[in-house]
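# Breakdown of the fold
One letter stands for each residue in the lines below.
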Amino acid sequence: MRNAASRGRISLEEQVRAYDLLDSLLAMDYMECLTFPCAGTVEEFCEAYRAAEPELARCYDADALQQEADAILAPLKAEAEELRFAAASAASLHEFAKEVFDIWQTQGIFARKRSLRELRERAGFRLESHRIGNYVAKTFDLMNEAQARFARAQQAMFAADVRYKIRENIYGEIYKILCGTKN
């Protein structure tokens, strides 16, 4: 709060910490709030807030905070999108491997060779003609691995998305809880 007032801007990290503190305070009852272990005492916070309140209102810039959050999310979104395409590609390859296996079991030699050649081109790794059933399993494993990588990237993106914590007057709400004002 003091850093934001002296800099003239609330950073995203300060906003997130304040939101998390407010969330913790709202989960407690009033008597627990008075003994909440934070830097300094409750009275020091209340005094510092009263002194910094006029400046804090000017420091809050939702657009700048949103841009800072978007800048953090941009590479994570790009990675998740790239992995989503890789997972879709692996699923497509697996479906094609199942089709080739079906062709291998039901059709003639020319259809077999043509489908196996196309599967080899799409797969990007060597396929042996007498082990065609193994490639359905191998492409299934590749598909699951690609989907797991996509899911991990997606979870990392969701975990880093703190845009919902960008709310105005969080310090004021903390002040109301700790100092007992009913404004």
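Below is a summary of the structure that appears in this document.

Reading the values: rules and limits
- Residues numbered from 1 in each chain as written.
- Predicted model: local features only at pLDDT ≥ 70, side-chain atom pairs only at ≥ 80, totals over all residues.
- Heavy atoms only, no water.
- Core = buried A, V, L, I, M, F, W, Y, C linked by side-chain atoms within 4.5 Å.
- Buried < 20%, exposed > 50% of the residue type's maximum accessible area, 1.4 Å probe, protein only.
- Helix = DSSP H or I, 4+ residues; strand = E, 2+ residues; numbered from the N terminus.
- Contact = heavy atoms within 4.5 Å.
- Phe/Tyr/Trp six-rings, centres within 6.5 Å; stacked < 30°, edge-to-face > 60°.
- Lys NZ or Arg CZ within 6 Å of the ring centre and 35° of its normal.
- Expected span 1.5 Å × (residues − 1).
- Bend = angle between axes of the 7 residues up to and from the residue.
- Salt bridge = Lys/Arg side-chain N within 4 Å of Asp/Glu carboxyl O.
- Axes fitted to C-alpha atoms, helices over the stretch in contact; angles between N-to-C directions.
- Parallel < 35°, antiparallel > 145°, perpendicular 65-115°, else oblique.
- Left-handed = near helix turned anticlockwise from the far one by under 90°.
- Nonpolar A, V, L, I, M, F, W, Y, C, P; charged D, E, K, R; others polar.

Attention now moves to the nonpolar core. With 25 residues, the main nonpolar core has Ile10, Leu12, Phe45, Leu56 and Ile174 as its most contacted residues. Sorting the residues of this core by element identifies α2 (12-27), α4 (42-59), α5 (62-106) and α8 (170-179) as the ones contributing at least two each. Excluding anything up to four places from it in sequence, Leu12 contacts Leu65, Glu68, Ala69, Ile72, Val162 and Ile166.

Further remarks concern the packing of aromatic side chains. What the rule picks out here adds up to one aromatic pair. Arranged with centres 5.8 Å apart and planes meeting at 90°, the rings of Tyr19 and Tyr164 form a pair that is edge-to-face. Of the two residues, Tyr19 sits in helix α2 while Tyr164 sits in the loop between α7 (132-160) and α8, which places them 145 residues apart along the sequence. Above the plane of the ring of Phe85 lies Arg84, whose end atom (NZ or CZ) is 4.6 Å from the centre.

Taking 1.5 Å as the rise per residue, α5 with 45 residues should run 66 Å; its terminal C-alpha atoms sit 63 Å apart, in good agreement. Taken as a whole, α5 carries its principal kink of about 35° at Leu73; the proline Pro75 stands between one and four residues after it.

Time to look at the pattern of salt bridges. One pass over the full model with this rule turns up eight salt bridges. Notably, a salt bridge pairs Lys165 with Asp20, separated by 2.6 Å at the nearest N-O pair. Residue Lys165 is located in the loop between α7 and α8, and its partner Asp20 is located in helix α2; the two are separated by 145 residues in the primary sequence. Judged by relative accessible area, Asp20 falls into the partly exposed class, the value being 33%. Look at the salt bridges and you will find they share partners, linking Asp70, Asp161 and Arg163 into a network.

Another point: the side chain of Lys165. By relative accessible area, Lys165 is classed as buried at 9%. Beyond its immediate stretch of four places on either side in the chain, Lys165 contacts Gln15, Val16, Tyr19, Asp20 and Ile170.

Let us look at the packing of α5 against helix α6 (residues 109-123). The geometry of a pair of packed helices is captured by two quantities: the angle between their axes and the separation between those axes. Following both chains from N to C, one finds α5 and α6 inclined at 165°, their axes separated by 9 Å at the closest point. By the angle between their axes, α5 is roughly antiparallel relative to α6. At the point where α5 passes α6, the crossing takes the left-handed sense. Here Ser92, Leu93, Phe96, Ala97, Val100, Ile103 and Trp104 of α5 come into contact with α6, specifically with Ala111, Arg112, Ser115, Leu116, Glu118, Leu119, Arg122 and Ala123. Broken down by class, the residue content of the contact of α5 with α6 amounts to 10 nonpolar, two polar and three charged.

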